[in-house]
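Results of the structural survey
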Amino acid sequence: MSKLLCSSHLNAFHRRSFSAILLKSPFPIQCIHFSSHLIDFERQIAFPLSKRRVLLQSFSGSIHHRDLSVRAFESSSETKEESQKDAEASDESKAKSVDDNGSLIGSKDDYPSGEFEFREISGWKSFVVKLRMLFAFPWERVRKGSVLSMKLRGQISEQLKSRFSSGLSLPQICENLIKAAYDPRISGIYLHIEALNCGWGKIEEIRRHILEFRKSGKFIVGYVPACGEKEYYLACACEELYAPPSAYFALYGLTVQSSFLGGVFEKVGIEPQVQRIGKYKSAGDQLSRKSMSKENCEMLTALLDNIYGNWLDKVSSTKGKSRQEIENFINEGVYQVERLKQEGWITDIHYDDEVITMLKEKLGVKAEKNLPTVDYKKYSRVRKWTLGLSGGKEQIAVIRASGSISRVRSPLSSGIIGEQFIDKIRSVKESKRYKAVIIRIDSPGGDALASDLMWREIRLLAASKPVIASMVDVAASGGYYMAMAAGTIVAENLTLTGSIGVVTGKFNLGKLYEMIGFNKDIISRGKYAELTAAEQRPFRPDEAELFAKSAQNAYIQFRDKAAFSRSMTVDQMEEVAQGRVWTGKDAASRGLVDAIGGFSRAVAIAKHKANIPLDKQVSLVELSRPSPTLPEILSGIGSSVLGVDRTVKELLQDLTFSDGVQARMDGIMFERLEKASFANPICALIKDYLGSL
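Small disclaimer: the values here were computed from a predicted structure and weren't measured.

Observations regarding the overall build of the chain
- Each helix and strand counted, the chain has 25 helices and 27 strands in total.
- The buried share of the chain, reckoned over its 693 residues, is 55%.
- Contacts spanning at least 24 positions in sequence make up 78% of the contacts within the chain whose residues lie at least 6 apart.
- Accessible surface, the chain as shown: approximately 29500 Å² in total, 52% of it carbon and sulfur.

Observations concerning unusual backbone geometry
- For Ser499, which is not glycine, the phi torsion reads 60° and is therefore positive.
- If you trace the backbone, Ser499 turns up in the loop between β22 (496-498) and β23 (502-508).
- With a phi angle near 55°, Gln578 is a residue other than glycine that sits in the positive phi range.
- Among the structural elements, Gln578 can be located in the loop between α20 (570-576) and β24 (581-583).

Side note on the environment of Tyr335
- Secondary-structure assignment places Tyr335 in the loop between α11 (323-331) and α12 (337-342).
- Taking the relative accessible area as the measure of exposure, Tyr335 reaches 52% and is therefore exposed.
- Measuring from C-alpha to C-alpha, the distance between Tyr335 and Leu251 comes to 7.6 Å, with 84 residues separating the pair along the chain.
- Setting aside chain neighbours within four positions, we find Tyr335 in contact with Phe249 and Tyr252.

A short note on the nonpolar core
- By size, the foremost hydrophobic cluster in this structure holds 66 residues, and its most contacted members are Leu191, Tyr232, Phe249, Trp311, Trp345 and Tyr379.
- The biggest single contributor to this core is helix α5 (residues 170-182), with 7 residues.
- Trp311 has contacts with Trp200, Glu229, Tyr232, Tyr233, Leu251, Ile326, Ile330 and Trp345, leaving out every residue within four places of it along the chain.

Some remarks on the environment of Glu231
- Inspection of the secondary structure assignment puts Glu231 in helix α7 (residues 229-235).
- A C-alpha to C-alpha distance of 6.7 Å links Glu231 and Leu196, two positions 35 residues apart in sequence.
- Within the structure, the side chain of Glu231 is placed 2.8 Å from the backbone nitrogen of Gly228, a separation counted as a polar contact.

Quick notes on the environment of Glu175
- Within the element layout of this structure, Glu175 appears in helix α5.
- C-alpha of Glu175 to C-alpha of Lys384: the two residues are 209 residues apart in sequence and 8.2 Å apart in space.
- For Glu175, the contacting residues outside a window of four places in its chain are Val382 and Lys384.

Description of the pattern of salt bridges
- One pass over the full model with this rule turns up 35 salt bridges.
- Between Glu622 and Arg400 there is a salt bridge, with the nearest N and O atoms lying 2.8 Å from each other. Here the residue Glu622 occupies a position in strand β26 (residues 619-622), and Arg400 occupies one in strand β15 (residues 395-402), the gap between them amounting to 222 residues. Accessibility assignment for this pair places Glu622 and Arg400 in one class, buried.
- Shared partners join several salt bridges into a network, and the residues in it are Glu158, Glu205, Arg208, Arg400, Arg440, Glu492 and Glu622.

A look at helix α13 (residues 352-363)
- Counted at 1.5 Å a residue, the expected span for α13 with its 12 residues is 16 Å, and the 17 Å between its end C-alpha atoms agrees.
- Looking one or two residues beyond α13, the residue adopting positive phi is Gly364, at roughly 75°.

Description of the packing of aromatic side chains
- In total, this model carries 14 aromatic pairs according to the counting rule given.
- Considering the side-chain rings of Trp124 and Phe127, the 5.4 Å spacing of their centres and the 35° angle between planes classify their relative orientation as tilted. A residue pair is termed a helical-turn pair when its members lie 3 or 4 positions apart in one helix, as Trp124 and Phe127 do in helix α4 (residues 123-134) at 3 residues.
- Members of the aromatic cluster, joined through ring pairs, are Trp455, Tyr481, Phe558 and Phe564.
- It is Arg207 that lies over the ring of Tyr233; its NZ or CZ is 4.8 Å from the centre.

Brief notes about helix α10 (residues 294-319)
- If you check α10, its first and last C-alpha atoms are 37 Å apart, about what 26 residues at 1.5 Å a residue would give, namely 38 Å.
- At the C-terminal side of α10, Gly320 shows a positive phi close to 70°.

Brief notes about the packing of α10 against α11
- Between α10 and α11, whose axes approach to 8 Å, the crossing angle comes to 115°. Between α10 and α11, the crossing angle belongs to the class labelled roughly perpendicular. The element α10 and its partner α11 pack so that their crossing is right-handed. Every residue of α11 that contacts α10 at Tyr308, Gly309, Trp311, Leu312, Asp313, Val315 and Ser316 is listed here: Arg323, Ile326, Glu327 and Ile330.

A word on the packing of helix α15 (residues 418-430) against helix α16 (residues 448-462)
- Running from amino to carboxyl end, α15 crosses α16 at an angle of 10°, the nearest separation of the two axes being 10 Å. Accordingly, the angle class assigned to the pair α15 and α16 is roughly parallel. In contact with Gly418, Phe421, Ile422, Ile425, Arg426, Val428 and Lys429 of α15, α16 contributes Leu453, Met454, Glu457, Ile458, Leu460 and Leu461.
- By residue class, the composition of the contact of α15 with α16 is 9 nonpolar, 1 polar and 3 charged.

What about the pairing of strand β6 (residues 186-197)?
- The pairing of strand β4 (residues 146-157) with β6 spans 9 bridges and is classified as parallel. The residue of β6 that forms the bridge with Ser149 is Tyr190.
- In the sheet, β6 pairs with strand β7 (residues 219-223) via 5 bridges, with the strands oriented parallel. If you follow Tyr190 over to β7, its bridge partner there is Val221.
- Handedness of the β-α-β unit built from β6, helix α6 (residues 200-213) and β7 comes out right-handed.

Here's the deal with the side chain of Glu457
- Tracing the sequence through the fold places Glu457 in helix α16.
- A relative accessible area of 10% means that Glu457 is categorised as buried.
- Once you skip the residues sitting within four places of it in the chain, Glu457 turns out to touch Ile422, Ile425 and Arg426.

Observations concerning the confidence of the model for the chain
- Here the chain averages 78 in pLDDT, and 74% of its residues register 70 or above.
- Every residue in residues 1-95 scores below 50 in pLDDT, and together they form 315 contacts with partners more than four places removed in sequence or on other chains.
- Considering only residues more than four positions removed or in separate chains, one finds that residues 667-693, a stretch of pLDDT under 50, has 95 contacts.

Cut-off values and rules
- Throughout this description, residue numbers start from 1 for each chain and increase along the sequence as written.
- Local features are withheld for residues below a pLDDT of 70 in this predicted model, meaning they are given only at 70 or higher, and side-chain atom pairs are given and counted only at 80 or more; totals for whole chains, interfaces and linings count all residues.
- Excluded from the side-chain calculation are hydrogens and water; included are all heavy atoms of the structure.
- Numbering of helices and strands runs from the N terminus; a helix is a DSSP stretch of H or I covering at least four residues, while a strand is a stretch of E covering at least two.
- Here's how the labels work: a residue is buried when its accessible area is under 20% of the maximum for its type, exposed when over 50%, partly exposed in between, all with a 1.4 Å probe on protein chains only.
- In this description, contact between two residues means that some pair of their heavy atoms is separated by no more than 4.5 Å.
- Each accessible area value is a Shrake-Rupley result obtained with a 1.4 Å probe; residue values ignore everything except the protein chains displayed when judging cover.
- We define a nonpolar core as any set of buried Ala, Val, Leu, Ile, Met, Phe, Trp, Tyr and Cys residues linked to one another through side-chain atoms lying within 4.5 Å.
- Any pair of N or O atoms that falls within 3.5 Å is considered a polar contact. Within protein, one atom must be able to donate a hydrogen and the other to accept it, and sequence-neighbouring residues count only if both atoms are side-chain atoms.
- A side-chain nitrogen of Lys or Arg and a carboxyl oxygen of Asp or Glu constitute a salt bridge if their distance falls within 4 Å.
- In this scheme, a helix's expected span is set at 1.5 Å multiplied by one less than its residue total.
- Stacked, tilted and edge-to-face pairs are distinguished by plane angle, under 30 degrees for stacked and over 60 for edge-to-face with tilted covering the rest, among Phe, Tyr and Trp rings (Trp via its six-membered ring) whose centres lie within 6.5 Å.
- Criterion for a charge above a ring: Lys NZ or Arg CZ within 6 Å of the ring centre, and within 35 degrees of the ring normal.
- Note on geometry: axes are C-alpha line fits, over the in-contact stretch for helices, and angles between N-to-C directions span 0 to 180 degrees.
- An angle counts as roughly parallel when it lies under 35 degrees, as roughly antiparallel when it exceeds 145, as roughly perpendicular when it falls between 65 and 115, and as oblique in every other case.
- By definition, turning the near helix anticlockwise from the far helix through less than a right angle yields a left-handed crossing, and turning it clockwise yields a right-handed one.
- Residues are grouped as follows: Ala, Val, Leu, Ile, Met, Phe, Trp, Tyr, Cys and Pro are nonpolar; Asp, Glu, Lys and Arg are charged; all remaining types, including Gly, are polar.
- Two strands pair under a simple rule: DSSP has to find at least two bridges between them.
- Handedness rule for crossovers: strands pointing away from the viewer, path from the first strand over the helix to the second running clockwise, crossover right-handed.
- A residue's pLDDT is the predictor's confidence in that residue, given on a scale from 0 to 100.

This is the structure in structure tokens:
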């Protein structure tokens with residue numbers, strides 16, 4: 001629907017046929033399945049308020065590292081006696097801000113920063129590392145004086161990749177930068193940066209690791225043949241930056257776009273009957289409106305201002321210019337590479353071969369010799385243990401949850417599978433090896449029932465050992481549902497999170513049926529039996545009232561459970577819910593997030609919570625390592641005989657119908673924020689519509 005952020009995997013997550021009425025509730029209410037020309041609803045059990053209190057209070061024994069109040073489940077009318085205290089607490093919450101360390105000012109928890117401190121390996125440890133490298137496996141051997149060459153372009157996944165998988169992996173990119181800083185065989189890094197298809201959370205994490213690598217004293221050189229705002233945000237962190245004379249720079253600013261289908265449906269005789277709970281919910285707007293609502297405009301403007309402001313601040317700080325100077329340059333619409341060099345945006349203008357020649361001279365390699373390099377894929381196979389960067393006795397489990405949420409595995413399923421995730425959580429809980437757990441979440445949500453079941457298991461785990469939720473690009477709706485079960489939530493500045501709200505509805509196809517000569521008769525028993533079965537007519541007044549009440553009930557359940565998890569009153573949660581999406585920094589100032597940072601900070605906080613000295617080495621045990629599939633093996637070998645493509649797989653998966661409520665961040669389509677699409681506008685509209693479902 002709205003194009004906000006470049007995040008490749010989110011397109012796949014949102015591409016549901018109108019199964020997506022996109023209801024964001026922790027307990028199932030109903031789901032719309034779009035099948036041919038009709039829409040079917042499945043009504044699920046909804047808990048009344050009295051039973052909900054009993055159910056939620058049963059979780060109180062599993063609370064860890066957080067003082068919770070039963071008042072979080074009571075309606076605002078039931079807490080009038082303490083309204084004054086609540087108001088004071090609300091004012092205090094509003095006043096919270098984030099310090100330079102990424103922690104809430106005034107918070108009782110002083111979280112460690114996890115900042116990288118380069119310490120050169122010397123003495124006995126240096127001897128051990130050299131010995132390990134001498135007897136390393138063949139695929140771990142790297143020629144001394146080599147340059148690590150990495151090409152960053154396209155999709156970047158949060159999940160680890162097997163040796164047969166193609167594409168880039170965020171944890172492996174960051175790990176390579178850490179290893180290269182300490183590896184005596186690596187002289188520096190040559191970084192090719194081209195069009196990136198990922199969110200700002202991943203970009204921030206990689207940029208942070210580039211700056212931390214520079215503390216080692218080794219060089220890191222960037223090369224950008226094509227560059228937008230996102231690519232330059234990374235590239236400017238390099239020590240030197242080069243571009244060819246014909247490089248394409250598009251530093252013109254950022255945009256946000258919303259598409260609306262109300263006029264299209266009106267012309268073809270389709271009436272969307274949408275019930276929206278949460279004034280910032282915008283999926284219903286896409287179906288029923290012809291233009292952007294005031295509330296949606298407010299939310300998208302705030303998100304855009306946050307992203308653009310962060311970009312200006314970081315670039316101006318890196319280039320030693322004022323924010324106003326950077327903004328003035330952007331507003332000039334500069335595209336000439338020569339001008340970029342004159343203004344200090346790039347170091348010089350050179351082709352790739354000329355940069356390689358410069359690197360040879362820097363390393364003292366003869367002109368006729370090849371520059372010794374090691375690529376991303378090969379260097380990813382070098383273990384941290386070989387370089388003495390792991391091997392601590394204390395173990396911290398790392399569970400990565402990336403993608404759309406589903407409860408059970410299907411032939412085409414990918415992303416977060418609830419059953420498998422719960423098995424991992426339970427195995428960690430039963431094991432005494434792990435002192436703490438880090439759950440990396442990169443998900444816009446999905447199946448509400450699966451989200452609730454995982455929430456329960458994470459709460460039980462948090463009762464026995466520290467659990468840290470670390471958000472990546474997005475952790476909203478079902479993704480935030482998972483995160484709020486942890487004892488501590490860590491997010492990047494521009495992580496998209498929140499989206500606590502409800503939107504549901506049905507299509508009235510009466511006029512369309514009349515136009516095409518189609519008729520449908522229904523025989524029913526029960527006053528509300530035709531509530532969602534009769535798509536050939538609009539709701540009756542009593543049906544509309546029931547539908548609205550059921551949606552309101554779903555919202556109350558979701559909001560109250562969020563208030564319970566974050567130790568907030570219902571009134572406090574109501575102020576930050578209503579379907580609104582927040583950036584990580586704004587979410588932190590409103591109590592939805594505890595600290596700002598990436599994976600390294602999550603590790604530092606996990607050590608702190610587990611009473612492990614921060615300078616002590618720990619072993620990070622990845623519990624989400626992928627097993628290669630046959631298509632991946634064939635793809636890794638270079639075969640494309642079967643024509644099995646990841647995009648096709650995702651499309652087929654998302655065209656299948658899902659069971660139960662979808663607790664998914666709706667109304668926001670994360671396309672390329674930094675530039676408008678030059679594709680056919682009608683095709684773009686259809687893609688946008690399908691992508692938001």
